[in-house]
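Topology and contacts: notes
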Amino acid sequence: MGTTALVIAISYSVVVVLGVAIAGAVWWSTKRRGDIDAERLAHQERSWLVAVVLILVALLAATIWSTPYFDTDAGAGGQVVDVKAKQFAWTISPARVRAGQEVEFRLTSTDVNHAFGVYDDRDHLVAQVQVVPGKTQKLVHTFTRPGTYSVLCLEFCGVGHHVMETTFAVTP
Ligand code: CUA
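Residues numbered from 1 in each chain as written. Predicted model: local features only at pLDDT ≥ 70, side-chain atom pairs only at ≥ 80, totals over all residues. Heavy atoms only, no water.

1. Observations concerning the overall build of the protein
Within the protein, the secondary structure is distributed over two helices and nine strands. Reading the protein from its N terminus to its C terminus gives the helix and strand order α-α-β-β-β-β-β-β-β-β-β. Whereas a compact globule of 172 residues would reach a radius of gyration of roughly 16 Å, the protein reaches 23 Å, over 25% beyond that. Here the protein holds 172 residues, and 25% of them are scored as buried. For the protein, contacts bridging at least 24 residues in sequence account for 64% of all contacts bridging at least 6. Surface accessibility of the protein: about 11700 Å² in total, with carbon and sulfur atoms responsible for 63%. Of the charged side chains in the protein, 14 are positive and 15 negative; the average position of the first set lies 3 Å away from that of the second. (Helix = DSSP H or I, 4+ residues; strand = E, 2+ residues; numbered from the N terminus. Rg over C-alpha atoms; globule rule 2.2 N^0.38 Å. Buried < 20%, exposed > 50% of the residue type's maximum accessible area, 1.4 Å probe, protein only. Contact = heavy atoms within 4.5 Å. Areas by Shrake-Rupley, 256 points an atom, 1.4 Å probe, with all protein chains shown as cover. Lys, Arg positive; Asp, Glu negative; His and termini not counted. Charge placed at Lys NZ, Arg CZ, Asp CG, Glu CD.)

Given below as structure tokens:
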């Protein structure tokens, strides 16, 4: 199991446990009867509403400037690869990188939205990112296996979407 799959599995497990706990707490709270103080409940409800709205606004303010993704840079020794998307082809330069060192893809589109999907020689998706016009999107990935990797467009971008693919090489 890869690191990403492990993180996803743990995250889902935590969410499931939390969900069951919250559902149980709600169910248990409905069992108490008799001493319902409507005014106190209404006050609690308002407090919760304010708290949730404040949390959502704070999360929005903290993340909106980094949409669609946080900017990342390759570290020292990183390899920079420029990628241009245009209906219906990719231009990748250089089209050869080394395994075991971070690769910083800098992606732009000259027309519409595309999505850069990188597949290894076993057709496993190893990285993907949205490519939008008017912005340089970065994607940092370290290739562990040398070989020929395929790039497929993962966002429907017109009649030639399905032919929008190319390859690049990862050398040892
Ligand atoms: Cu480019 Cu689909």
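2. Looking at the environment of Leu60
With respect to the element layout, Leu60 can be found in helix H2 (residues 38–63). The spatial distance from the C-alpha of Leu60 to the C-alpha of His114 is 25 Å, given a sequence separation of 54 residues.

3. A short note on the sheet that holds strand E1 (residues 79–86)
Strands sit in the order E2-E1-E4-E7 across an open sheet of four strands; the sheet is mixed. Every interior strand has two partners, whereas the edge strands, strand E2 (89–93) and strand E7 (137–142), have only one. Across the sheet, the mean angle from the axis of one strand to that of its neighbour is 25°, orientation sign disregarded. (Pairing = 2+ DSSP bridges. Axes fitted to C-alpha atoms, helices over the stretch in contact; angles between N-to-C directions.)

4. Focus on the environment of Ala95
In this fold, Ala95 is placed in the loop between E2 and strand E3 (96–98). Considering only alpha carbons, one finds Ala95 and Phe168, 73 residues apart in sequence, at a separation of 4.8 Å.

5. Some details on the nonpolar core
Formed by 24 residues in total, the largest nonpolar core has its most connected members in Trp90, Phe105, Phe116, Phe143 and Phe168. For this core, the elements supplying multiple residues, two or more each, are E1, E2, strand E4 (102–109), strand E5 (114–119), strand E6 (125–131), strand E8 (147–153) and strand E9 (165–171). Here Phe143 is in contact with Val97, Ala99, Gly100, Val103, Phe105, Val118, Val126, Tyr149, Phe168 and Val170, once residues within four sequence places are set aside. (Core = buried A, V, L, I, M, F, W, Y, C linked by side-chain atoms within 4.5 Å.)

6. A closer look at the confidence of the model for the protein
Reading fine detail from the predicted coordinates is not recommended where pLDDT is low. The predicted model of the protein has a mean per-residue pLDDT of 90, with 95% of residues at 70 or higher. By mean pLDDT, helix H1 (residues 3–29) is the weakest element of the protein at 90, and E5 is the strongest at 97. (pLDDT = per-residue confidence, 0-100.)

7. Quick word on the pattern of salt bridges
For the structure shown, the criterion picks out four salt bridges. A salt bridge links Glu104 to Arg106; the nearest nitrogen and oxygen atoms lie 2.7 Å apart. Since its relative accessible area comes to 3%, Glu104 is described here as buried. On the basis of relative accessibility, which here comes to 32%, the residue Arg106 falls in the partly exposed class. Of the charged contacts in the structure, one is a salt bridge between Glu104 and Lys138, with a shortest N-O distance of 3.9 Å. Separated by 34 residues along the polypeptide, Glu104 in strand E4 and Lys138 in strand E7 bring together distant segments of the chain. (Salt bridge = Lys/Arg side-chain N within 4 Å of Asp/Glu carboxyl O.)

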